[in-house]
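Chain by chain, the residues:
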Amino acid sequence: MAELSDVYFVDGVRTPFGRAGEKGMYANTRADDLVVKAMIGLMERNGGVPADRIDDVAIAATSQTGDQGLTLGRTAAILAGLPQTVPGLAIERMCAGAMTAVTTMGASIGVGMYDLAIAGGVEHMGRHPIGSNADPNPRFVAEKLVDPGALNMGVTAERIHDRFPHLTKERADRFGMLSQQKVQAAYDAGRIQPDLVPVAVARPDGAWALATEDEGRRPETTMEGLASLKTPFRPHGRVTAGTSSPLTDGATVSLLAGSAAVKELGLAPKMRMVSFAFAGVQPEIMGIGPIPSTEKALAKAGLTIDDIGLFELNEAFAIQVLSFLDHFGIADDDPRVNPWGGAIAVGHPLAASGVRLMIQLAAQFAEHPEVRYGLTAMCVGLGQGGSVVWENPHYTGKKKRK
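Since this is a predicted model, take the numbers as computed values, not measurements.

*Asks:* So what exactly am I meant to see when it comes to the UniProt feature "active site" (unreviewed entry) in the protein here?
*Replies:* What UniProt calls "active site" (unreviewed entry) maps, in this numbering, to Cys-95, His-348 and Cys-379. Judged by maximum C-alpha separation, these annotated positions cover 285 residues in sequence but sit close together in space, the widest gap being only 11.8 Å. Of the annotated positions mentioned, Cys-95 and His-348 line the largest pocket. Residue position: Cys-95 is located in the loop between β4 (88-91) and α3 (97-110). Residues in contact with Cys-95, not counting those within four places in the same chain, are Thr-62, His-348, Leu-350, Ala-351, Met-378, Cys-379, Val-380 and Gly-381. Assignment of secondary structure puts His-348 in the loop between α11 (343-346) and α12 (353-367). Accessibility expressed as a relative area gives 4% for His-348, which makes it buried. Residues in contact with His-348, not counting those within four places in the same chain, are Cys-95, Met-125, Ser-245, Pro-246, Thr-248, Asn-314, Ala-316, Ala-343, Ser-353 and Met-378.

*Asks:* Which parts of the structure should I look at to understand the pairing of strand β12 (residues 384-391)?
*Replies:* Every regular strand shows the same layout, with side chains that alternate between the two sheet faces. Counting buried positions along β12 gives seven out of eight residues, so the element sits mostly inside the fold. The sheet contact formed by strand β9 (residues 271-280) and β12 spans eight bridges and is antiparallel. Considered in β12, the bridge of Met-273 is made with Trp-390. Summarising the sheet, strand β11 (residues 373-380) and β12 pair through eight bridges and their orientation is antiparallel. Opposite Val-380, over in β12, you have Gln-384 as the bridge partner.

*Asks:* Explain the side chain of Asp-32 to me, please; I cannot follow it from the model alone.
*Replies:* When you line up the elements, Asp-32 lands in helix α1 (residues 31-45). Given a relative accessible area of 9%, Asp-32 falls into the buried group. Beyond its immediate chain neighbours, meaning those up to four positions away, Asp-32 contacts Asp-67, Leu-72 and Leu-79.

*Asks:* In this structure, what is going on with the layout of surface pockets? I would like to understand it.
*Replies:* Leftover empty space is mapped by rolling, across the atoms, a probe with the size of a water molecule. Roughly 990 Å³ of volume is contained in the largest pocket. The wall of the largest pocket is formed by 40 residues, among which Met-125, Ile-130, Met-153, Leu-247 and Leu-350 lie closest to the centre. Of all the secondary structure elements, the ones that give two or more residues to the lining of the largest pocket are α5 (153-163) and α7 (223-227). Across the lining of the largest pocket, the residue classes tally to 23 nonpolar, 13 polar and four charged.

*Asks:* What is the right way to read the packing of helix α6 (residues 169-188) against helix α10 (residues 318-327) from this model?
*Replies:* Helix-helix packing is described using two parameters, namely the angle between the two axes and the distance between the axes. It is the contact of α6 with α10, at a shortest axis distance of 9 Å, that shows an interaxial angle of 105°. Overall, the two elements α6 and α10 adopt an arrangement that is roughly perpendicular. Where α6 approaches α10, its residues Arg-171, Ala-172 and Phe-175 are matched on the opposing element by Ala-318, Val-321, Leu-322 and Leu-325. Considered class by class, the residues forming the contact of α6 with α10 number six nonpolar, no polar and one charged.

Quick notes on the rules
- Residues numbered from 1 in each chain as written.
- Predicted model: local features only at pLDDT ≥ 70, side-chain atom pairs only at ≥ 80, totals over all residues.
- Heavy atoms only, no water.
- UniProt positions renumbered as here; feature names shortened; annotations may be inferred.
- 1 Å grid on protein atoms, 1.4 Å probe; cavity = no way out; pocket = protein on both sides within 12 Å on 5 of 7 lines; lining within 4 Å.
- Helix = DSSP H or I, 4+ residues; strand = E, 2+ residues; numbered from the N terminus.
- Contact = heavy atoms within 4.5 Å.
- Buried < 20%, exposed > 50% of the residue type's maximum accessible area, 1.4 Å probe, protein only.
- Pairing = 2+ DSSP bridges.
- Points joined across faces, edges and corners; volume = space filled by probe spheres on them.
- Nonpolar A, V, L, I, M, F, W, Y, C, P; charged D, E, K, R; others polar.
- Axes fitted to C-alpha atoms, helices over the stretch in contact; angles between N-to-C directions.
- Parallel < 35°, antiparallel > 145°, perpendicular 65-115°, else oblique.

Dropping the structure here:
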């Protein structure tokens, strides 16, 4: 008889993230090949896990068409060389696709149905721009269920500025600049590279190259430069390219396991899943979604925001993160928040980003045994938020020496 189980994040890897479009490093690379490459890298790094023991593979994509269609979890598993006895499925919750893949597979492990699972996501925004294959029901506008601007993420970000005028453009600019600086500092310290799976890419001239780093970083960003950027979503607005995540291509995958599999296979989990929650908000201000989802996840865990020692918040827009921090009384530059930077610098390949947050939190847990709990959270298009609370297996209860 199946028994309830703890759920562990054993490991996670990702491809380097590339600029979307014809000049990006993945312009000539298929979306499914990106996630396959990541999956192969994950299994090679965890050679003690028998491939035939994987109970399911869940891979998310927002635009499920072309090379991001055809039940990605199953096709990617076959292409990655997993036994044909391993099933797979596709997940879609826009930006929280990979996060939903993890929580769905995690829930299956938690109730004892699965022992091991792979969960991740991919987005090739160069080939499949957000909404390019969508046909929104005319009732949304005709019956005023959703304002037309709700379908434009940048417009929703401007509306958060409207709602919270004390969250100024200058604060957003500073947050964006610090994200760039923190990511570069993490690269310089060699903290990000260990979890990247290099990808061979065909350049426009036909030559081959190796993608080893995130392509869109701008560490030279200054406040003066940010102040001069255009506001594409509204004349005289406050959201710019410098305070937004760039259009990005990339893939992420993770290995999840239950207690019995961890013990049997001698695995060394990087995190334990404590709780998760998703919540809905007005689509017109979708960026505040992580606030109620975090409140729900904390309540389910019996914790408060003060118990969280590390935050990995997806930087879809700077204002979206600032609204979260403001709600919970956390300073814009709190060192617990995105210590290695975030999506404004490395990019946000929609459905893949949830597992990137987990990969970085797991690596930070290893460096911070004084931290017991961490949070990964993100906003989701059409008015949603997703949050997962994690526990650090390296926790000692002792404060870290300075």
